[in-house]
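Summary of the model geometry
So the chains spell out like this:
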Amino acid sequence: MTHSPSPNIVITGFMGVGKSAVGREVAARLGRAFIDMDETIERQTGMSIADIFAQHGEEVFRALEKELLRELSFQKDLVIATGGGALAPAENRVMATRTSLVVCLTAGVDAILERLETDESRPLLAGNNRRDKIQTLLARRAAAYAEIPYQIDTTGRTVAEVAEEVIALAEGNAPRYLRLPVAAPGGRDYDIALGAGLLAHAPRLMAQRDVTGDVIVVSDANVAPHWSYPLLDAFAQAGVRAKLITLPAGEAHKNLDTIRRLYDRFLEAELDRSGVVVALGGGVIGDMAGFAAATYLRGVRFVQIPTSLLAMVDASVGGKTGVDLPQGKNLVGAFKQPELVIIDPDVLATLPPEEFRNGLAEVIKHGIIADPELFTQLETSGPSSLEALIARALRVKIGIVQRDPFEAGERAHLNLGHTFAHAIERVSDYAIPHGQAVALGLIAAARLAAGRGLCPPEIPRRIEAVVERLGLPTTLSGYDPAAILAAMGTDKKRKQGKVRFVLPRAIGDVGVYDDVRKDEVLTALHSLLPNPSHG
Ligand SMILES: NC(=O)c1ccc[n+]([C@@H]2O[C@H](COP(=O)([O-])OP(=O)(O)OC[C@H]3O[C@@H](n4cnc5c(N)ncnc54)[C@H](O)[C@@H]3O)[C@@H](O)[C@H]2O)c1
Ligand SMILES: [Zn+2]
């Protein structure tokens, strides 16, 4: 039998994630040679890593590491476990990823601490306060590790399980995706998996995170005909029992009557606490399935598979769920962190273009709040891909909800443009879609900010131009500014009777203001009229 050589498999990641053990197992199963880089350097120099560090310094060790990596890159069929810092330099990373399949193993700080407990041979952790040292070093290396396309979380998993996943990757059976971890309160951390074609891999992504058990997929009448079958099929193939509940589509159904129906259907399906609710839809389905999952039997596990752009970059992240009351939107709800969010941009193929544009309004918003580069991309050629656009917009939301999970402060920034938007939606009796109202709100907020000298006048001009470029409205006709102003008085987000505004100070910098005068708001609203008398 002839054998054509395969590229090396390089296993990297932080100390204590199990690189050597997993590498050895993968090599054994594939019948390949195994190289542990640290061991090899120790053998070649006749010194321990700790002694090399102590006697010659880290730099000498890094040079040895780099040279070894270069030598190995000329070979094939190897399984290589690197040292924890070997791929931190960009040139080493490029060299490795060009010639090999590179897999980064990850683990939580606790798991790392536990695995290293009895190990005294780590020069970078010498002395006390190992947890602090690990955290500092992890933070320093996070950006480099994040650039490695394949990431496998090893927390709570056996060497054999992780090895199996590495082999699946090597054999091309595993999906390639971007893993965006989200830290949530009470250790409820979860991953966002982002990648084209991930819908079909949902069962595997869930199983990898121990999200097993019977599944109820909640979807709506627009989404289910396109995407529920591939998903249910994937569950069937994985041997997972899954049932579909299809709800009528639209915000009008985001209410307690529908939640009641969901409870009935959950009971009918005999969903118990070992089951999982999977939301397959836009923000309306995510909010309702999440609220039902938070409350049914005092909480069952929940997975989000957002299908609208808005839900992908906004609604599916941050743990807020809820429904509307006749008195107003989102008045009843709960914080419910998902176990996992799976984002497959391919499902956007069936999203109506208008809904896509509505989602873009939130993407613009995220750029203004915290990502000037995203905003510049929207001003010019647009990001390199839909996936890149979603990832950037998501990172803004992830950063904010991690720092402020329960809306005590910074999270208010996400309301940029929304004080205006909610009032516009209300006076139009929701004839104006949320995304369009947000686009108008972003312009109005920026003009108001410029009016009080918070930002230069080119900021509202740039925002208006981007809004227009992306096919969203820049003017509003047929509604009285005074009526819109009056509608702001009933906004849920007002604090102690005061209406709060988030205003831009620059692209990438916003602040919260509760001293905005009525005349300023009116001027901003007047400026949205097609032929404003001034402004
Ligand atoms: N929980 C949060 O943090 C949060 C944040 C922002 C918004 N929201 C909520 O999200 C909701 C808005 O979300 P939305 O804009 O996704 O609304 P939506 O769920 O109503 O989706 C918009 C429309 O697109 C359809 N659709 C969705 N995906 C599709 C697909 N792939 N193919 C074909 N049709 C598709 C839906 O059926 C619907 O008709 C609001 O209720 C809002 O309150 C929640
Ligand atoms: Zn919004």
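Above this note sits the structure.
Reading the values: the criteria
- Residue numbers run consecutively from 1 along every chain, following the written order of its sequence.
- Starting at A for chains and at 1 for ligands, labels are handed out in the order in which the entities are written.
- Residue-level local features of this predicted model are given only where pLDDT is at least 70; pairs of side-chain atoms are given and counted only at 80 or more, and the full residue set underlies all totals for whole chains, interfaces and linings.
- In computing side-chain values, all of the structure's heavy atoms are included and hydrogens and water are not.
- The way it works is that DSSP assigns letters per residue, a run of H or I at least four long becomes a helix, a run of E at least two long becomes a strand, and they are numbered from the N terminus.
- Remark: exposure states derive from per-residue accessible area (1.4 Å probe, protein chains only) relative to the maximum for the residue type, with buried under 20%, exposed over 50%, and partly exposed in between.
- Note on definitions: a residue-residue contact is assigned when non-hydrogen atoms from the two residues lie within 4.5 Å.
- Accessibility throughout is a Shrake-Rupley quantity obtained with a 1.4 Å probe, and a residue counts as covered only by protein chains that appear here.
- By nonpolar core we mean a set of buried residues, namely Ala, Val, Leu, Ile, Met, Phe, Trp, Tyr and Cys, connected to one another through side-chain atoms within 4.5 Å.
- Note on aromatic pairs: the rings of Phe, Tyr and Trp (six-membered ring only in Trp) are paired at centre separations within 6.5 Å, and the planes decide the class, stacked below 30 degrees, edge-to-face beyond 60, tilted for the rest.
- The criterion for strand pairing is that DSSP finds at least two bridges linking the strands in question.
- In this analysis, axes come from line fits to C-alpha atoms, helices being fitted only over the stretch in contact, and the angle between any two N-to-C directions falls in the range 0 to 180 degrees.
- Two residue types count as positive, namely Lys and Arg, and two as negative, namely Asp and Glu; His and chain ends fall outside the count.
- Salt bridge, as used here, is a side-chain nitrogen of Lys or Arg placed within 4 Å of a carboxyl oxygen of Asp or Glu.
- Under this definition, polar contacts are N or O atom pairs within 3.5 Å; protein pairs additionally need one hydrogen-donor-capable and one acceptor-capable atom, and for neighbouring residues in sequence, both atoms have to be side-chain atoms.
- Reported orientations rely on four angle classes, namely roughly parallel under 35 degrees, roughly antiparallel over 145, roughly perpendicular from 65 to 115, and oblique for the rest.
- For any pair of crossing helices, the crossing counts as left-handed if the nearer helix is rotated counterclockwise from the farther one by less than a right angle, and right-handed if it is rotated clockwise.
- Residue polarity follows a fixed list, in which Ala, Val, Leu, Ile, Met, Phe, Trp, Tyr, Cys and Pro are nonpolar, Asp, Glu, Lys and Arg are charged, and the others, Gly among them, are polar.

A word on the overall build of the chain
On a plain count of helices and strands, the chain comes out with 21 helices and 16 strands. Here the C-alpha coordinates of the chain stretch approximately 80 × 55 × 45 Å along the principal axes. Across the 535 residues of the chain, 51% fall into the buried class. Counting contacts in the chain only where the partners sit at least 6 residues apart, residues at least 24 apart contribute 74% of the total. In the form shown here, the chain has an accessible surface area of approximately 23600 Å², with 50% of it arising from carbon and sulfur atoms.

Some points on the nonpolar core
Counting residues in each nonpolar core, the largest one holds 96 residues, and the members touching the most others are Ile192, Ile364, Phe420 and Ile463. In terms of residue count, the dominant contributor to this core is helix α18 (residues 434-451) (11 residues). Non-local contacts of Ile192, meaning those with residues more than four positions away in its chain, are made with Leu178, Arg179, Leu180, Val182, Val317, Val341, Ile343, Leu394 and Ile398. Core analysis: the next-biggest nonpolar cluster, separate from the first, contains 48 residues, Phe61, Leu78, Ala86 and Ala163 among them.

Observations regarding the packing of aromatic side chains
Throughout the structure, instances matching the rule amount to five aromatic pairs. When the ring of Tyr263 is compared with that of Tyr296, the centres are 6.5 Å apart and the planes differ by 20 degrees; the resulting orientation is stacked. Here Tyr296 lies in the loop between α12 (283-295) and β11 (301-306) and Tyr263 lies in helix α11 (residues 256-268), a separation of 33 residues in the sequence. Considering the side-chain rings of Phe420 and Phe501, the 5.3 Å spacing of their centres and the 55 degrees angle between planes classify their relative orientation as tilted. Of this pair, Phe420 sits in helix α17 (residues 418-427) while Phe501 is found in strand β15 (residues 501-506), placing the two residues 81 residues apart along the sequence. Classification of Phe501 by relative accessible area gives buried; the value is 4%.

Regarding the pairing of strand β16 (residues 509-513)
Residues in a regular strand project their side chains so that they alternate between the two faces of the sheet. Pairing between β15 and β16: five bridges, direction antiparallel. Bridge pairing links Phe501 to Tyr513 in β16. Following β15, the chain reverses through two residues before pairing antiparallel with β16; Gly508 in that reversal takes a positive phi of roughly 105 degrees.

Re the sheet that holds strand β7 (residues 190-194)
As summarised here, the arrangement of the seven strands in space is β6-β7-β14-β11-β10-β8-β9, forming an open sheet in which the pairing is mixed. Each edge of the open sheet carries a strand with a single partner, namely β6 (178-182) and β9 (242-247). Geometrically, the sheet is characterised by an average inter-axis angle of 20 degrees between neighbouring strands, direction not taken into account. Where helix α10 (residues 224-237) meets the sheet, its contacts fall on β8 (215-220), β9, β10 (276-281) and β11, and the angle it forms with β8 comes to roughly 170 degrees. Where helix α16 (residues 386-403) meets the sheet, its contacts fall on β6, β7 and β14 (340-343), and the angle it forms with β6 comes to roughly 15 degrees.

Remarks on the side chain of Lys19
Relative to the elements of secondary structure, Lys19 occurs in helix α1 (residues 19-30). It is Asp38 that comes nearest to the buried, bridge-free Lys19 among opposite-charge side chains, at 6.7 Å. From its side chain, Lys19 meets the backbone oxygen of Phe14 in a polar contact 3.0 Å long.

So, the packing of α1 against helix α8 (residues 159-170)
Two elements in contact, α1 and α8, have axes separated by 9 Å at closest approach and are oriented at 60 degrees. One way to sum up the angle between α1 and α8 is to call them oblique. Seen from above, α1 lies across α8 with right-handed handedness. Side by side, α1 and α8 meet where Ala21, Val22, Glu25, Val26, Arg29 and Leu30 of the first sit next to Val159, Ala160, Val162, Ala163, Glu164, Val166 and Ile167 of the second. Per-class residue counts for the contact of α1 with α8 are 10 nonpolar, no polar and three charged.

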